[in-house]
Amino acid sequence: MNSEKLRSSKPGYNWLFKMAWRDGKASARKLTLFMASIILGIAAVVSIQSFGENLKDNIALQSKALMGADFKIDSSTEPNERVLEIIDSLGGADAREIAFPSMAAFPGNGATKFVQIRGIEDGFPLYGALETEPVEAANKYQSQGAALVDATVMLQLNLRPGDSIKIGDITLPIAGSLIAVPGSTAIFSSVAPPVIIPYRYIEETNLVQAGSRIRYEFYFRVPQANLEVLDNEVERELERHEADLDTHTSTSERMGKRYENFGKFLNLVAFIALLLGCVGIASAINIYIKDKLRAVAVLKCLGATRRQTFKIYLIQIAAIGLLGGLIGTILGLILQQLFPLFLGDLLPVDVEMSFSPRIIFMGLLLGITMSVLFALYPLMGTLYVSPLQTLRVDTEGKTNSGRAGLLVLAGIFLFILLFSYWLLEDWRYSFAFVAGIIITFSVLAGIAKLFMQAIKRFFPSSWGFPARQSILNLFRPQNQTLTLILAIGVGSFLISTLYFTKDVLLDQANFETETGSPNIIMLDIQSAQQQEVLNTIRQNEFPVMDDIPIVTMRVHSIKGRSVNQIKEDTVRQVNRWILNHEFRVTYRDSIVASESLEQGEWIPEVSNLNLVPISISDNFAEDARVTVGDELTFNVQGVLLKTIVGSIRTVDWSRMQMNFSIVFPKGVLEDAPQFRVVTTNVSDEGSSARLQQQIVRDFPNITIIDMRQVLTVIQGLLDKISWLINFMAFFSILTGIIVLLGAVRTSKFQRIKESVLLRTIGARSSQILKILALEYMFLGILGALSGILLSLVSSQLLAWQVFESPFVPSLFPFLVLFPGITLLVMFIGLINSISVIKSPPLEVLRKESR
Amino acid sequence: MAKILNVHNLEKTYSSGDRKLTVLHDISFDIEERETFAIVGPSGSGKTTLLGLCAGLDQPDSGNITLCGADIGSLTEDERAVLRNRNIGFVFQDFQLLPTLTALENVAVPLELQGSKDASKIGRELLEKVGLGDRINHYPSQLSGGEQQRVAVARAFSNSPSILFADEPTGNLDAETGEKVIELLFNLNKESGTTLVIVTHDLELAQKTGRILKLKGGKIVDNTVNTSL
């Protein structure tokens, strides 16, 4: 018989699929847990991805309604001639708006509230609609000369349509509650909730004064406008005149980006849940394939080739991956429907859920790729099985080659890298992410190996039999120590990192005022009102904690180059905000607690006004590209003032107090037009309300910020974000439990055989139970503790590098997570071994071998 | 009668750590078509290794094996697999049924590997012949040891092999069941005209074959025609 003839025999793929199906069907029970790992991981990724995509699509679709116009021109100063000319040349604005923050009083119940006044001309929004209660209020408030007040304020202050609102010098009836305004997100306007009044009343309020923070907005409805020309050419011209043009597309893109970044973070967390599932896949497939090696030898004996047997199991694993991917994708698509319920206020648009074919394809592809990649190395074992094994002959069969193993490992990391890049669109972060994973896995694997070596070397021979036997189990052949420590360790690492990160985030946002620190801030106090305001505070027996003068100014030139020259420079390095921002500057003779001197010398007072030495914050220095000794000229309300950078300060902006980018020494700005900021500490809500009412009544132009209310808003925002973090943590915990179950079950038969042998030679149930409990306890303790300690290091790095915030770890992971995970491991381990203890040895062996 | 198997100057050595262990030493013999042949010898004499080499499950270190006209030493592993599939049937001591396949699927596998469309039909007929017509959809774990070995016998004949190798076919069965399985094996063999090679240490079983090859310490000590038949 010639070998040419022998090469020709080949059953087609049909047979391979048939064999894969037959074998898989009978092994379904063993594969359920592996599939569950894939399902959960993919559900996490798909739900986040799909929701993010839907959000982006909805923002783009509703972009005109989001802005309420095709484009708008806005400015924080009254538009000059040139800006007005441009507005005219564009066909004139279809609607105008003047907006500023102010206190509003409600004469009906005496309440006051810090609000954003928006004086709007009839016609706005040009797209979309104001959502009000009653509905007709949106159409009637202009003709009725009434106000629309934010729905939450209406509810909080128990206001009804028909009640009055006093803004500055005018009092208007309230037409209804304002539920939604195009372009505003409820959560972001909670600090200063909106009140809309007809444009014509703005002047009468008498609140538009020098130093007020006013925005002028001009809305256009020009559907056929060339947005690109507007964005580039008109915008450049407007920029020279301190105005800005935004098109509906650029605004929605910017908004989409903001949510995209948030989504990216969640995507990564979901991806880690998926990777955790992959740890389970790898270990489970390893044991699964080991179980199949005898069948592979038989198939080879009957005439199947190496490739055929390899392909049977490859098809099987890919099919499980596909099925897992499909179920995970469906679950993810269902889960995403929950997101808007929890995130409602955070979202800028109503998100209509649709199913993107791209995401569905990604879910399926991810399922197959992850399963095959992580199964490839154990799968290669089938290639080296000798048919001689059917004859009980010990062969010197080759094992997987080291090179092939390295190739598979490289493939896995390449995939992780590409997938992270797809999520993050940044090679640096993607490499850092992959490096983080490699380090975490290596450290955990190192700990497991060290542990095994240590117990081998320092074996506690004096311990009792159950304890010794449980320790022996940790390093016997085919032990699961490495897999279990990796699974438990990565799970604990991830979950406690999430908790620690939450700590850092909450700490950073924790503005809870300590007793005695300011909790009421009064802005826009005119110099003439200063004494009276201070007296009012003192008469109410509250302390005046700060009385800070504020002078507004703009940068005129940097190192001799005028702002306009810098703006025209296409390769400028100076940040745009430096050139456009109206700075609120103070003067004093000392630095305060939230500041520290970084460079130069602090100059408390000067008498020579030719070149004033000022102090700037480090971020200002960086963005303006200046350092100590550089010259800056400011336009102080029409007067040019030459300065030199005398010192650079580091400012802790997270401290809830008045911080400044630019500080002048005493002796320069005292006579400049200025207003003041006064802070005080009020112990209870009742006193705070009384003081606010009195100030608003006597000084309608003064704005009061009650830090307690700000805190409530921030807390609300954080609660929503923590919900998302907890949601993702839940996925990781669930995946972790499944991985654990998988790992424990795969080693179950081995343990059962040993336990049955022990029982056969007379071990009592309680002794076996003790051995198993101790073994799982050691694994639980080591895995959980290493994971949590590793997360301490990573959280410290995150706090230091990303959040730039001090990190004080909470005790939760140590007091709850650590014992919780250890007990869970023991529980899962024992519950899976209960059949050994309950049944006679022979029955167990017969049952388990099936 | 033509020779189906020719073994010439066969040597096989295994390594165990630094030690080399010669399992088979200068083995030469022939088997003719339709012959029944037993390889006997004490434990460790090399009978199973010899069977594995003759069936193309392994490569000799030196010497030649010609099976069904093919020089086994010159074939790749996959070519040997195809050779086995077309020409050889196996019966093992521990049955070696695929645990995740039913009795019928187990019997059909060798034919399916050939791409036969009648695999299921032939498998069903063979299972009827071995008395398991009512158990075709049972998994190995649902069958007794004797039933499993009958399925293995049916599988061994499914591809109409030219030669059938049986390795201690009664080794895992009680005497009565073993007897029945052997009867079945010999009857099917007679019916299909297959060459039968049995490895056994059961001399009673060996006496049922036409020729007996005795091994001891990896060497042939006797190769005689069984005149008692």
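This text goes with the structure placed above it.
**Q** It is not clear to me how the overall build of chain A should be interpreted in this structure. Could you clarify?
**A** A tally of helices and strands in chain A yields 27 helices and 21 strands. Classification of the 850 residues of chain A by burial places 41% in the buried group. Long-range contacts, defined here as pairs at least 24 residues apart, represent 84% of the contacts in chain A between residues at least 6 apart.

**Q** Would you take a moment to explain the overall build of chain B for this structure?
**A** From N to C terminus, chain B includes seven helices and 10 strands. A total of 229 residues make up chain B; the buried ones form 53% of that total. In chain B, 68% of the contacts between residues at least 6 apart in sequence involve partners at least 24 apart.

**Q** Looking at this structure, I do not really get the environment of Asn223(B). What am I missing?
**A** Residue and element names in this part refer to chain B. Along the chain, Asn223 falls in strand 10 (residues 219-225). Along the sequence, Asn223 and Leu213 sit 10 residues apart, while their C-alpha atoms lie 4.3 Å from each other. Aside from chain neighbours lying at most four places away, what touches Asn223 is Phe29 and Leu213.

**Q** Would you take a moment to explain the interface of chain A and chain B for this structure?
**A** A common way to report how large an interface is uses the accessible area buried once the components associate. Tallying the contact residues gives 28 residues for chain A and 37 residues for chain B. Elements represented by at least two residues in the side of chain A that touches chain B include exactly helix 1 (3-7), helix 2 (13-26) and helix 10 (248-301) of chain A. Taken together, the residues that form the side of chain A that touches chain B break down as 14 nonpolar, six polar and eight charged.

**Q** Explanation requested: helix 15 (residues 427-457) of chain A in the structure shown.
**A** Residues lying three or four places apart along an α-helix face the same way, a consequence of the helix completing one turn every 3.6 residues. Helix length check: helix 15 of chain A, at 31 residues, gives a terminal C-alpha distance of 44 Å against a target of 45 Å (1.5 Å per residue), a fit within 8%. Within the sequence span of helix 15 of chain A, burial applies to Ser430(A), Phe433(A), Thr440(A), Leu444(A), Ile447(A) and Ala448(A).

**Q** Please explain unusual backbone geometry as it appears in this structure.
**A** Most of the time, phi is negative for any residue but glycine, and the peptide bond is trans. Cis rather than trans, the peptide bond between Phe124(A) and Pro125(A) has omega equal to 0°. Relative to the assigned elements, Pro125(A) resides in the loop between strand 3 (111-120) and strand 4 (131-133). You will see that Cys68(B), though not glycine, has its phi angle at about 50°, which is positive. Relative to the assigned elements, Cys68(B) resides in the loop between strand 4 (62-67) and strand 5 (70-71). The backbone of Ser160(B) sits at a positive phi, close to 45°, despite the residue not being glycine. Within the secondary structure, Ser160(B) sits in the loop between helix 5 (145-158) and strand 7 (163-167).

**Q** What is the right way to look at the sheet that holds strand 3 (residues 36-40) of chain B in this model?
**A** Within a sheet, adjacent strands bond to each other through the backbone by hydrogen bonds, running parallel or antiparallel. Residue and element names in this part refer to chain B. Here six strands make up an open sheet; going across it, the order is 6-7-8-3-9-10 and the pairing mixed. Bordering the open sheet on either side are strand 6 (88-91) and strand 10, each of which pairs with just one other strand. Strand-to-strand twist in this sheet, taken as the mean axis angle between neighbours without regard to direction, amounts to 15°. When strand 7 meets strand 8 (residues 195-200), the two strands line up parallel, connected through five bridges. Residue pairing across strands places Phe165 opposite Val197, the latter belonging to strand 8. Sheet contacts for helix 5: strand 6 and strand 7; angle to strand 6, the most-contacted strand, approximately 170°.

**Q** I'm lost on the sheet that holds strand 2 (residues 19-32) of chain B in this one. Help?
**A** Residue and element names in this part refer to chain B. If you walk across this open sheet you meet the four strands as 2-1-4-5, and the pairing is antiparallel. The open sheet is flanked by strand 2 and strand 5, the only strands paired with a single partner. Of the strand pairs in this sheet, strand 1 (residues 3-16) and strand 4 are connected by five bridges, and their pairing is antiparallel. Its bridge partner being in strand 4, His8 is matched across the sheet by Asn64. Against the sheet, helix 1 (residues 47-54) contacts strand 1, strand 2 and strand 4, and its axis sits at roughly 125° relative to strand 1.

**Q** Please clarify how the packing of helix 2 of chain A against helix 11 (residues 306-335) of chain A should be interpreted in this entry.
**A** Each pair of packed helices gets described by two things: the angle between the helix axes and the distance between those axes. Residues and elements named next belong to chain A. At a minimum axis distance of 8 Å, the contact between helix 2 and helix 11 shows a crossing angle of 60°. Of the possible angle classes, the one that applies to helix 2 and helix 11 is oblique. Judged by the sense of rotation from one axis to the other, the crossing of helix 2 with helix 11 is right-handed. Residue-level contacts link Leu16, Phe17, Met19, Ala20, Asp23 and Gly24 of helix 2 to Gln308, Lys311, Ile312, Ile315, Gln316 and Ala319 of helix 11. Looking at the contact of helix 2 with helix 11, its residues break down into seven nonpolar, three polar and two charged.

**Q** What is the right way to read the environment of Ile603(A) from this model?
**A** Residues and elements named next belong to chain A. Its location among the elements puts Ile603 in the loop between strand 15 (595-600) and strand 16 (612-617). The sequence separation of Ile603 and Gly646 amounts to 43 residues, and the corresponding C-alpha distance is 7.3 Å. When sequence neighbours within four positions are dropped, the list of residues in contact with Ile603 reads Pro613, Gly646 and Pro665.

**Q** What is the right way to read helix 14 (residues 402-424) of chain A from this model?
**A** With 23 residues, helix 14 of chain A extends 32 Å from end C-alpha to end C-alpha; this agrees with the ideal 33 Å at 1.5 Å per step. Directly after helix 14 of chain A, the chain includes Glu425(A), whose backbone phi takes a positive value near 55°.

**Q** In this structure, what is going on with the nonpolar core? I would like to understand it.
**A** Looking at soluble globular proteins, one finds that nonpolar side chains tend to be buried together. Within the largest apolar cluster, 200 residues are counted, with the highest numbers of intra-cluster contacts made by Ala147(A), Val149(A), Ala270(A), Leu274(A), Ile281(A), Ile285(A) and Met522(A). The leading source of residues in this core is helix 10 of chain A, at 18 residues. If sequence neighbours within four positions are ignored, Ile281(A) has contacts with Phe34(A), Ser37(A), Ile38(A), Met370(A), Ser371(A), Phe374(A) and Ala375(A). Listed in part, the 81 residues of the second largest apolar core include Ala297(A), Phe37(B), Leu67(B) and Phe95(B).

**Q** Please clarify how the packing of helix 5 of chain B against helix 6 (residues 175-192) of chain B should be interpreted in this entry.
**A** Residues and elements named next belong to chain B. Following both chains from N to C, one finds helix 5 and helix 6 inclined at 15°, their axes separated by 10 Å at the closest point. It follows that helix 5 is roughly parallel to helix 6 by the angle criterion. In the packing of helix 5 onto helix 6, the handedness of the crossing is right-handed. When helix 5 is examined against helix 6, the residues Gly145, Gly146, Gln149, Arg150, Val153 and Phe157 are found in contact with a partner set consisting of Thr177, Lys180, Val181, Leu184, Leu185, Leu188 and Ser192. Of the residues that constitute the contact of helix 5 with helix 6, the class distribution is six nonpolar, five polar and two charged.

**Q** Whenever I open this one, the pairing of strand 8 of chain B confuses me. Can you help?
**A** On a regular strand, one side chain projects to one face of the sheet and the next to the other, so that they alternate. All names here are of chain B. Counting buried residues in strand 8 gives six out of six residues, a clear majority hidden from the surface. Judged by which residues are buried, strand 8 turns out to be covered on both faces: Thr195, Val197 and Val199 on one side and Leu196, Ile198 and Thr200 on the other are all buried. In this structure, strand 3 lies alongside strand 8, joined through five bridges in parallel fashion. Within strand 8, the position partnered with Ile39 by the bridge is Val199. The handedness of the strand 7 to strand 8 crossover, carried by helix 6, is right-handed.

**Q** Can you help me understand the environment of Val639(A) in this one?
**A** Residues and elements named next belong to chain A. Among the secondary structure elements, Val639 is positioned in strand 18 (residues 639-651). By the C-beta count within 10 Å, which is 10 here, Val639 ends up exposed. Along the sequence, Val639 and Met553 sit 86 residues apart, while their C-alpha atoms lie 9.4 Å from each other.

Calculation notes
- Residues numbered from 1 in each chain as written.
- Chains lettered and ligands numbered in written order.
- Predicted model: local features only at pLDDT ≥ 70, side-chain atom pairs only at ≥ 80, totals over all residues.
- Helix = DSSP H or I, 4+ residues; strand = E, 2+ residues; numbered from the N terminus.
- Buried ≥ 20, exposed ≤ 12 C-beta atoms within 10 Å, placed from the backbone.
- Contact = placed C-beta atoms within 7 Å.
- Nonpolar A, V, L, I, M, F, W, Y, C, P; charged D, E, K, R; others polar.
- Expected span 1.5 Å × (residues − 1).
- Pairing = 2+ DSSP bridges.
- Axes fitted to C-alpha atoms, helices over the stretch in contact; angles between N-to-C directions.
- Parallel < 35°, antiparallel > 145°, perpendicular 65-115°, else oblique.
- Left-handed = near helix turned anticlockwise from the far one by under 90°.
- Core = buried A, V, L, I, M, F, W, Y, C linked by C-beta atoms within 7 Å.
- Right-handed = clockwise from strand over helix to strand, strands pointing away.

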